[in-house]
Amino acid sequence: LAVTQRVLGAGTGREANTLMGWTNSDPYVAAATKVGGSLAIDYFLRQLHRKNRKAAIWTGIGVTAGYSLVLVHNWQVLRDAELRRR
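Note that this is a predicted model, so its numbers are computed, not measured.

Some points on the layout of surface pockets
Okay, step 1: In this model, the largest pocket occupies a volume close to 630 Å³.
Okay, step 2: Contributing to the lining of the largest pocket are 24 residues, with T4, K34, Y67, V70 and N74 lying nearest its centre.
Okay, step 3: Taken together, the elements giving at least two residues each to the lining of the largest pocket come down to α1 (2–10), α2 (18–21), α3 (27–51) and α4 (53–85).

Below, the structure written as structure tokens:
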């Protein structure tokens, strides 16, 4: 959330996720949506863990890897924009 808001605030990037795009006009709505999404993922992983522990672990790893890729991408967009300004 912090890197995404920083990129959007600097005007160096845009939200590629259409579901999240409309929430970014208000930082509080964006934060609430992302926190709510994280809580929902946590809830569903806990429910899955009760039924299939391995599937929950691998799904959690996949979600974390996906978020990590988005974070690295956003950070690179911000860094590239800052380098162009110099």
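Structural notes on the packing of α3 against α4
Okay, step 1: Here α3 crosses α4 at 155 degrees, and the two axes come no closer than 6 Å. When the interaxial angle is binned, α3 and α4 end up roughly antiparallel. Mapping the contact onto sequence places I41, L45, L48, H49 and K51 in α3 and R53, A55, A56, T59, G60, V63 and Y67 in α4.
Okay, step 2: The class makeup of the residues in the contact of α3 with α4 is seven nonpolar, three polar and two charged.

The rules we used
- Residues numbered from 1 in each chain as written.
- Predicted model: local features only at pLDDT ≥ 70, side-chain atom pairs only at ≥ 80, totals over all residues.
- Heavy atoms only, no water.
- 1 Å grid on protein atoms, 1.4 Å probe; cavity = no way out; pocket = protein on both sides within 12 Å on 5 of 7 lines; lining within 4 Å.
- Points joined across faces, edges and corners; volume = space filled by probe spheres on them.
- Helix = DSSP H or I, 4+ residues; strand = E, 2+ residues; numbered from the N terminus.
- Axes fitted to C-alpha atoms, helices over the stretch in contact; angles between N-to-C directions.
- Parallel < 35°, antiparallel > 145°, perpendicular 65-115°, else oblique.
- Contact = heavy atoms within 4.5 Å.
- Nonpolar A, V, L, I, M, F, W, Y, C, P; charged D, E, K, R; others polar.

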